[in-house]
Structures are given as C-alpha cells and as structure tokens.
Amino acid sequence: MGVEFRQGWGWLVLAALTTSTIGDEITLLTLMFRTADNAPAYAVPVLLIAELLPGLIVAPYAGRLIDSRDAARVLVVVSALQAVVIAFISLNPPFTLAGAALLSMLFTISSAATFALIPVLAGALGMTLARANSFLEMVRSLGMLVGPVAGGVLVGWVGSRTALLADAASFGLLLLVVAASGLRRRPQRSEDEGRTLLADYQPLLRNRRTMVAIGALSLEVFATAIADVAFVFLVTVTLGSGPTTFGVLTALWAGGMLIGAALAERVIGRRIGLAAFGTAAIMGATMLLIGLAPIGVTVVAIAFIAGGGANSIHNVAVRTLLQSECSPADHGKIAAIYGAVTRAAAIGGYVAGGLFVPNDAPSAYVVGGLLGVSAGTMGWRIFNGRWSASPVSGRN
C-alpha cells in the first residue's frame, strides 16, 4: 500500500477534520429543527431513518471503493459532493429528506476513507496508531461538545439556511486542505480484480478474531442505543427535570469523552483488545448504575462522565484493533463492515428502546447495562481464548 504526504500538513488535516466534524453536528441539529418546525410529526423519525439506512445499504460498495482507489482523492471528491448537497438543501428545504439520504451515503464513504487514512497520518506525524486514533477521537468529541451549541446559536441568530451553509463551507475547507497536503493512499494492484462483491469480502468474513470483535462490540452499540432512546425520558419523567438538566448531562458525557480521548493511548498501551472489550463492560456498568442506583442527578452525572470517558477509549481501541488485525489493503472494507453492522445495531437498539419509554427509562438502562457488560466480558473471552491478556502481545 503506497502512501505519500507533504511534511508539515498533518496537523492542518486534523484541524480541517475538526472543523468539518463540528459542521456535521451543526447540520444534524439544524435538519432536526427544520424538520420539526416545518413538517408533520412523523417526519422526524423518517429523517433519522434517512440519516442511517442509505449508508447501511451502500457500505459494502464504499469499502471496496476505498480499497481500490486512492482514499485521499475519494475523500476530496466526497467532501465536494457533501458541500454541494448541504448547500442545495439549505436553499431548497423541500429536499431535506432526500438530501439527508444522500448525505448518509456520502458520510459512509468519507468515514471509510478517514479510517483508511489514519495510519497514513500516524506515520506522517511520527506517532503510534493509538495516538493518532486518540487525536481523531478528540476531534469528534470536540464536535459533539461544540457542534450542538454552535448549531443552536446559528439557527437562533441567523436561521437554518446560514447554519447549513456554514457546514458546507467546512467541507470545502476540508477538501482544499486534503488536496493541498499531498496526502495519498495508493491501493495495491490486486490479481483478483473483477471478483464479485461477496468474494471480495470473504477473506475478512472468515477472520474469526475480527468477526468476533465486530459482533460482540456491535452488541454494545445495540445496548447503548437502547439507553440513548430512554435518555430524554430519564431526564423529563424519571428525574422530573427539563432542558437545562438534559443539556448539562449531555455536556458531561462529551466532557468525559474528551478526557477519555486524552488518556486513551496511555490506558490502551499494547493491550488493544482488552481495552476495547474492557471499556465496553465499563459502559455497561455505568448504565447499570443509572438503572439500579437510587435515581438522582448526581448519580447520573457521575455515570455520564465515566461512561463518556470509557466510550472514547473504547472507540479509539476498536479502531486501532481493527486497523491492526487487518491488512492495510483491507482497511476500507473492514471499516465498511464495522460501520454497517453498528448502524444496524443502532437501528435495532432504537426500536428496542422504544419499548421502555416514556415511563420506564431505568429498566431500559438495566437491560442496556446487562447487554453491555455481557458484550465486554464474554466477547473478550471468545476473542482472546482466555481471560488474561499477555502484556507483550500487540494483538491483545
């Protein structure tokens, strides 16, 4: 796998990714407000489905595209398309749902491209893969923390059109920086070109460790999605609080994610698999704490800080694990598999979470917690073949 990169551009690429990530959060919030204000009530869940399902469908093709083309150039082209689509729907509100569906597909491609390019950035910046993924997680955590606030301010001050145009501009910045950086990830020439889509993925699907990791850790995504649905009802019904408490708890989760991202490389060390499964179990434990402990804002706040930190370390460890377990030539495909499975798990979790709301949010957290702890502990045992981890094995 050939790589190229101009010296000194690595941090600019990360800065552009940060800006674009904040823009993504602005767009998600803006589209939600626009749909809620100007469309029937059922349009909001339809919007959420439009943001998930199309990307799930195109994921296998996205992975093959990234591994058969220069991932950096793909990212440039897709960023340009994202900018155009967002600008278009900012000026044409009736096309919001169609635009959201198209953005879902483009986001799937850009996510796989970013996943494949992280090892290139790591090498260019002279850092370990875990540290590079930690920086990426900090970028995303900043987006989660700053994006909704910026989106709310922009929508309130200048309206949804200008807020969306700001995100379109962030994608324009990203494509310019990536294009100017000379970042390249040239694919290897394969003797198996022309194979069917299934045949292209079969070697990865037969990789037991990778598939066990994806399967078990997707159960954690399912568990977390159950709790995500119940969260607003935990605040409004169980705690009897309002938007301020909701906002504070959301900020505490994002703050915990920032702390976790900063500590991720040190926590993970060389025990990548143990970190991935261990933090899944910790997230499950925090959900159990919320569901079983005497309910109160203080308990939930502590659980959210700990859960956010574990979530961030978990994300770093999972990306590093998958990048380490698979050949660089397959990074696009493994990103596509993981993205598709986790999206499907999230959709299932949202449906399951709806069974507990509005009046039984704590039970949703208990169920999610039990599933999360099981995913982390039993998943680790199956993945590793034993409970203990070798301190010197880079694959653990």
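Values in this document were obtained by computation on a predicted structure and should not be read as measured data.

Brief notes about the overall build of the chain
Line of reasoning, step 1. In terms of regular secondary structure, the chain is built from twelve helices and two strands.
Line of reasoning, step 2. The buried share among the 396 residues of the chain stands at 50%.
Line of reasoning, step 3. Within the chain, contacts between residues at least 6 apart in sequence are counted, and of these 86% link residues at least 24 apart.
Line of reasoning, step 4. As presented, the chain carries roughly 17000 Å² of accessible surface, and 69% of it is formed by carbon and sulfur atoms.

A word on the packing of aromatic side chains
Line of reasoning, step 1. Going through the model one piece at a time under the given rule, you end up with seven aromatic pairs.
Line of reasoning, step 2. An aromatic cluster is defined as three or more aromatic residues linked by ring pairs; in this entry it consists of Phe231, Phe246, Trp253 and Phe304.

As for the confidence of the model for the chain
Line of reasoning, step 1. Summary statistics for the chain give a mean pLDDT of 85 and a share of 89% for residues scoring 70 or more.
Line of reasoning, step 2. Of all the helices and strands in the chain, strand S1 (residues 2-4) carries the lowest mean pLDDT, 52, while helix H9 (residues 272-292) carries the highest, 96.
Line of reasoning, step 3. Low pLDDT (under 50) marks residues 391-395, which in the prediction has ten contacts with non-local residues, meaning those over four places away or in another chain.

A look at the side chain of Ser104
Line of reasoning, step 1. When you line up the elements, Ser104 lands in helix H4 (residues 96-125).
Line of reasoning, step 2. Those residues in contact with Ser104 that sit more than four places away from it in its chain are Ala50, Glu51, Leu52, Pro54, Gly55 and Arg343.

Some details on the environment of Glu51
Line of reasoning, step 1. Turning to its location among the elements, Glu51 is positioned in helix H2 (residues 43-68).
Line of reasoning, step 2. Residues Glu51 and Ala100 lie 49 residues apart in sequence; the distance between their C-alpha atoms is 5.6 Å.
Line of reasoning, step 3. Leave out the neighbours within four places in its chain, and Glu51 touches Leu28, Leu31, Ala100, Ser104 and Arg343.

What to know about the side chain of Thr210
Line of reasoning, step 1. Residue placement: Thr210 occurs in helix H7 (residues 208-238).
Line of reasoning, step 2. Look at Thr210 and you get buried, because its relative accessible area is 1%.
Line of reasoning, step 3. The contact partners of Thr210, leaving out residues within four places of it in the chain, are Leu322, Glu325, Cys326 and Ile334.

Concerning the packing of H7 against helix H12 (residues 361-384)
When two helices pack together, their arrangement is captured by the angle between the axes and the distance separating the axes.
Line of reasoning, step 1. Relative orientation of the contacting elements H7 and H12 amounts to 165 degrees, with a least axis distance of 8 Å. As far as their axial angle goes, H12 and H7 are roughly antiparallel. The two elements H7 and H12 meet at a crossing, and its hand is left-handed.
Line of reasoning, step 2. Per-class residue counts for the contact of H7 with H12 are 21 nonpolar, four polar and three charged.

Observations concerning the pattern of salt bridges
Line of reasoning, step 1. The final tally for this structure, using the stated rule, is nine salt bridges.
Line of reasoning, step 2. Notably, a salt bridge pairs Asp200 with Arg64, separated by 3.1 Å at the nearest N-O pair. Here Asp200 is found in helix H6 (residues 197-205), whereas its partner Arg64 is found in helix H2, with 136 residues between them in sequence.
Line of reasoning, step 3. Residue classification places Asp200 among the buried positions, given a relative accessible area of 15%.
Line of reasoning, step 4. Between Lys333 and Asp330 there is a salt bridge; the shortest N-O distance is 3.2 Å.
Line of reasoning, step 5. Its relative accessible area of 5% is what places Lys333 among the buried residues.
Line of reasoning, step 6. Here the residues in one salt-bridge network are Asp67, Arg185, Asp330 and Lys333, joined through shared partners.

A closer look at the environment of Tyr350
Line of reasoning, step 1. Tracing the backbone through its elements, the reader meets Tyr350 in helix H11 (residues 331-353).
Line of reasoning, step 2. Judged by its relative accessible area of 39%, Tyr350 falls in the partly exposed class.
Line of reasoning, step 3. As a C-alpha pair, Tyr350 and Ala225 span 125 residues in sequence and 5.5 Å in three-dimensional space.
Line of reasoning, step 4. Ignoring sequence-local partners within four residues, the contact set of Tyr350 consists of Leu52, Ala225, Asp228 and Val229.

Regarding helix H10 (residues 297-325)
Residue pairs spaced three or four apart in an α-helix point in one direction, given the helix's 3.6 residues per turn.
Line of reasoning, step 1. For H10, spanning 29 residues, the distance from its first C-alpha to its last is 41 Å, which sits close to the expected 42 Å at 1.5 Å a residue.
Line of reasoning, step 2. In terms of residue burial, H10 counts as a mostly covered element, since 21 of its 29 residues are buried.

Here we look at a nonpolar patch on the surface
Line of reasoning, step 1. Together, Ile49, Leu53 and Ile57 give the surface a local cluster of nonpolar side chains, amounting to about 280 Å² of exposed area.
Line of reasoning, step 2. Within the secondary structure layout, Leu53 lies in helix H2.

Focus on the nonpolar core
Line of reasoning, step 1. Judged by nonpolar contacts, the single largest core of 75 residues is most densely connected at Ile66, Val178, Ile268, Phe277, Leu322, Ile334 and Phe383.
Line of reasoning, step 2. With 14 residues, H4 is the largest single contributor of residues to this core.
Line of reasoning, step 3. By size, the runner-up hydrophobic cluster in this structure holds 22 residues, among which are Ala230, Phe231, Leu249 and Val300.

Here we look at helix H3 (residues 71-91)
Line of reasoning, step 1. Across its 21 residues, H3 extends 30 Å between first and last C-alpha, which sits within 8% of the 30 Å expected from 1.5 Å per residue.
Line of reasoning, step 2. A distance of 3.0 Å separates the backbone nitrogen of Ala72 from a side-chain oxygen at the start of H3, and that oxygen is part of Asp70.

Comments concerning the packing of H3 against H4
Line of reasoning, step 1. Two numbers describe how H3 lies on H4: the axes approach to 9 Å, and their chain directions differ by 160 degrees. In this view, H3 runs roughly antiparallel relative to H4, as classed from their interaxial angle. Viewed along their axes, H3 and H4 form a crossing whose handedness is left-handed. Residues Ala71, Ala72, Val74, Leu75, Val78, Leu81, Gln82, Val85, Ile86 and Ile89 of H3 touch H4, and the partners they reach there are Thr96, Gly99, Leu102, Leu103, Leu106, Phe107, Ile109, Ser110, Ala113, Thr114, Ala116 and Leu117.
Line of reasoning, step 2. Its residues placed into classes, the contact of H3 with H4 shows 17 nonpolar, five polar and no charged.

Calculation notes
Residues numbered from 1 in each chain as written. Predicted model: local features only at pLDDT ≥ 70, side-chain atom pairs only at ≥ 80, totals over all residues. Heavy atoms only, no water. Helix = DSSP H or I, 4+ residues; strand = E, 2+ residues; numbered from the N terminus. Buried < 20%, exposed > 50% of the residue type's maximum accessible area, 1.4 Å probe, protein only. Contact = heavy atoms within 4.5 Å. Areas by Shrake-Rupley, 256 points an atom, 1.4 Å probe, with all protein chains shown as cover. Phe/Tyr/Trp six-rings, centres within 6.5 Å; stacked < 30°, edge-to-face > 60°. pLDDT = per-residue confidence, 0-100. Axes fitted to C-alpha atoms, helices over the stretch in contact; angles between N-to-C directions. Parallel < 35°, antiparallel > 145°, perpendicular 65-115°, else oblique. Left-handed = near helix turned anticlockwise from the far one by under 90°. Nonpolar A, V, L, I, M, F, W, Y, C, P; charged D, E, K, R; others polar. Salt bridge = Lys/Arg side-chain N within 4 Å of Asp/Glu carboxyl O. Expected span 1.5 Å × (residues − 1). Patch = residues over 30% accessible without salt bridge, like charges linked within 9 Å, V, L, I, M, F, W, Y side chains within 5 Å. Core = buried A, V, L, I, M, F, W, Y, C linked by side-chain atoms within 4.5 Å. Polar contact = N/O pair within 3.5 Å; in protein donor to acceptor, adjacent residues only side chain to side chain.

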